[in-house]
Amino acid sequence: MDIVPKNGKKFMEMQSAAYVEQLEKKVATLTQLLEVTAVLNTAMLNQDARVDLLLTYLMDAAAEISNCESASVLLWDHNTHELYFAATTSDNPDAQALIGKPVPLSNSVAGTILTERTSIAIDDAVNDPRIYTKINEDLKFVTRSLLGVPMLTKQKEIGVLEVVNKRDLPWTEEDVNNLTLLAEEAAVAIEVAQLVVALRNANHELSEVDKLKSDFIAIASHELRTPLSVILGYASFLQEEESEEVSAHAGKVMQSALQLRRIIEDMVNLRYLKQSQSELKREPTLVSALLDDLKHDVISITGAQDHQLNLETLDDVELVVDRSRIAMALTNVLNNALRFTPEGGSITVKAHQQNDQEVWISVTDTGIGIAPEYLDQIFDEFFQIEDHMTRHHGGLGIGLSISRALINAHDGRIWATSPGVGEGTTIIIALPIT
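Residues numbered from 1 in each chain as written. Predicted model: local features only at pLDDT ≥ 70, side-chain atom pairs only at ≥ 80, totals over all residues. Heavy atoms only, no water.

(A) Quick peek at the packing of aromatic side chains. Taken as a whole and assessed by the stated rule, the structure comprises one aromatic pair. Their ring planes at 85° and their centres at 5.1 Å tell us that Trp-360 and Trp-415 sit as a pair that is edge-to-face. On the criterion of sequence distance, the pair formed by Trp-360 in strand S11 (residues 358-365) and Trp-415 in strand S12 (residues 413-417) is long-range, its members being 55 residues apart. With relative accessibility at 24%, the residue Trp-415 sits in the partly exposed group. (Phe/Tyr/Trp six-rings, centres within 6.5 Å; stacked < 30°, edge-to-face > 60°. Helix = DSSP H or I, 4+ residues; strand = E, 2+ residues; numbered from the N terminus. Buried < 20%, exposed > 50% of the residue type's maximum accessible area, 1.4 Å probe, protein only.)

(B) Broad picture of the sheet that holds S12. The five strands lie next to each other as S8-S10-S11-S13-S12, forming an open sheet whose pairing is mixed. Here the strands that pair on one side only, and so sit at the sheet edges, are strand S8 (308-312) and S12. Each strand of the sheet is rotated relative to its neighbour by a mean of 15°, with strand direction disregarded. Pairing geometry for S11 and strand S13 (residues 425-432), over eight bridges, is antiparallel. Residue pairing in the sheet places Ile-361 in a bridge with Ile-429 of S13. Contacting S8, strand S10 (346-353), S11, S12 and S13, helix H8 (residues 323-339) runs over the sheet at an angle of about 170° to S13. (Pairing = 2+ DSSP bridges. Axes fitted to C-alpha atoms, helices over the stretch in contact; angles between N-to-C directions. Contact = heavy atoms within 4.5 Å.)

(C) Representation of helix H7 (residues 287-298). The terminal C-alpha atoms of H7, which comprises 12 residues, lie 17 Å apart, in line with the 16 Å expected from a rise of 1.5 Å per residue. For H7, the complete set of buried residues consists of Val-287, Ser-288, Ala-289, Leu-290, Leu-291, Asp-293, Leu-294 and Val-298. (Expected span 1.5 Å × (residues − 1).)

(D) Inspection of the pattern of salt bridges at higher detail. Applying the stated criterion across every chain yields a total of eight salt bridges. For the salt bridge of Glu-69 with Arg-144, the shortest nitrogen-to-oxygen distance reads 2.4 Å. Of this pair, Glu-69 sits in strand S1 (residues 68-77) while Arg-144 sits in the loop between helix H4 (133-139) and strand S5 (146-153), placing them 75 residues apart in sequence. Residues Asp-175 and Lys-166 are paired through a salt bridge, measuring 3.1 Å at the closest nitrogen-oxygen approach. (Salt bridge = Lys/Arg side-chain N within 4 Å of Asp/Glu carboxyl O.)

(E) Highlighting the sheet that holds S5. The six strands lie next to each other as S3-S2-S1-S6-S5-S4, forming an open sheet whose pairing is antiparallel. Bordering the open sheet on either side are strand S3 (102-103) and strand S4 (120-122), each of which pairs with just one other strand. Looking at chain direction, S5 and strand S6 (residues 156-166) are connected through eight bridges and run antiparallel. Across the sheet, the residue bridging to Gly-148 is Glu-162, located in S6.

(F) Inspection of the packing of H7 against H8 at higher detail. Taken N-terminus to C-terminus, the directions of H7 and H8 make an angle of 50°; their axes are 9 Å apart at the nearest point. As summarised for this structure, H7 and H8 are arranged oblique, according to the angle between their axes. H8 is crossed by H7, and the crossing has right-handed handedness. Contacts from Ala-289, Leu-290, Asp-293, Leu-294, Asp-297 and Val-298 in H7 reach Arg-323, Ile-326, Ala-327, Leu-330, Thr-331 and Leu-334 in H8. The residue makeup of the contact of H7 with H8, split by class, is eight nonpolar, one polar and three charged. (Parallel < 35°, antiparallel > 145°, perpendicular 65-115°, else oblique. Left-handed = near helix turned anticlockwise from the far one by under 90°. Nonpolar A, V, L, I, M, F, W, Y, C, P; charged D, E, K, R; others polar.)

(G) Broad picture of a nonpolar patch on the surface. Among the surface-exposed residues, Phe-237, Leu-238 and Val-246 lie close enough to one another that they form a single nonpolar patch of about 250 Å² accessible area. Topologically, Phe-237 is positioned in helix H5 (residues 173-239). (Patch = residues over 30% accessible without salt bridge, like charges linked within 9 Å, V, L, I, M, F, W, Y side chains within 5 Å. Areas by Shrake-Rupley, 256 points an atom, 1.4 Å probe, with all protein chains shown as cover.)

(H) Representation of the environment of Leu-286 in the model. Locating Leu-286 in the fold gives a position in strand S7 (residues 283-286). Spatially, the C-alpha atom of Leu-286 lies 5.6 Å from that of Val-317, the residues being 31 residues apart in sequence.

(I) Unusual backbone geometry, seen in detail. Between Leu-169 and Pro-170 the backbone carries a cis peptide bond, its omega angle lying at 5°. Topologically, Pro-170 is positioned in the loop between S6 and H5. At His-81, a position not held by glycine, the phi torsion is positive, near 55°.

(J) Representation of the packing of H8 against helix H9 (residues 399-409). At a minimum axis separation of 9 Å, H8 and H9 run at an interaxial angle of 150°. Considered as vectors, H8 and H9 are oriented roughly antiparallel to each other. Between H8 and H9 the crossing geometry is left-handed. For the pair H8 and H9, contact is made by Arg-325, Ile-326, Met-328, Ala-329, Asn-332, Val-333 and Asn-336 and by Gly-399, Leu-400, Ile-402, Ser-403, Leu-406 and Ile-407, respectively.

(K) Here's a closer look at H8. Over its 17 residues, H8 extends 24 Å from the first C-alpha to the last, a length consistent with the 24 Å expected when each residue adds 1.5 Å. Among the 17 residues in H8, 14 count as buried, and that is most of the element.

(L) Fine view of the pairing of S13. Counting buried positions along S13 gives seven out of eight residues, so the element sits mostly inside the fold. When S12 meets S13, the two strands line up antiparallel, connected through five bridges. Following the sheet pairing, Ile-414 is matched in S13 by Ile-429.

(M) A look at the pairing of S1. Summarising burial for S1: eight of the 10 residues are buried, a large majority. Across seven bridges, S1 lies against S6 in antiparallel orientation. What sits directly across from Val-73, in S6, is Leu-161. Pairing of S1 with strand S2 (residues 82-88) involves six bridges; the strand directions are antiparallel. Each bridged residue has a counterpart across the sheet, and for Asp-77 the counterpart in S2 is Glu-82. Hairpin geometry of S1 and S2 is characterised by an intervening segment of four residues between the two adjacent antiparallel strands and by a positive phi of about 55° at His-81.

Here's what the structure looks like:
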């Protein structure tokens, strides 16, 4: 039986304790790395995440895991092609002066790490010629040791992650691996955060452009209406003149002015292309009341008197809708039928209960019809079947688009059917019974 000497047993106990301590340290490091990963992943899902706070958190974690005095992130600006300090540890007030300072690609460790895409560990930075001393001189800071790794995503340069002044040199392979893992996580988080910021800025710019467009349309339509009212007034007055020639010319002016008024109304109604359900003012409304509104609107529709109009309504069937918006949708569909139906043609508006859940309102005309390939496209914004340079029918091409937006906001449907070119068209609106 072997007897272990007392000093040998003590040595084994010390060795075992050191091994356990080393394992505990590794577990603590891995736990912290997992926490950093969780924080970065959460930040990437947050639209309000701030890149500067994200980087500061990362610096504190990098310095603690590496047992260093300080850590820094240098980002690569793809526009100016400059490498600059973007963040540093939060508990070092002197290091905060680094933010924004550029570092040359040549004659600097960070520049070499980025361009060569390699990690660099320096135990004696005081005597290493690769250290960029200008930063140290400006901040009166001494870099005694340094470890840096590149930050890359899909071979795209994001920047460099550095830690300086390790408390227990030398740098180890474990230090390099830990910092590389942090750099990989940080690179993805930074890129996502930058994309979120860019997207937020783009959305803001689009909102500004959309507001500018809406303001312009509102002002332009208002300014156009005033002289147009004068033109319509004088044209109406001249139409009553005894001279047939004057009356004929006034009639042409009147027709053109009324067409211009329709265009102005279309411009004003552009905002309804993005109609949302929250903006609707729903109220119980009889289907017969909706068709009465349409019948009343026919009086003001130019060209309606040149067509035969038939209305077949429903009694005692109630819908919960925004009455004014549904009226606009129906008027746009009727306008479309009038525009594409020659004088003397007929238009039939019919409402019927399709089942216990829906009411269908159809507008059928005897007009020019639609080829099968265009039946869905006629509801697209600004779509015109005819070439815009040679077409015979006016309008901006948004009437049916607005109708679709208004009907969709009511959880309804709208579609078109046609036997073919020259054989008329039927547009059907389905609205839910609630």
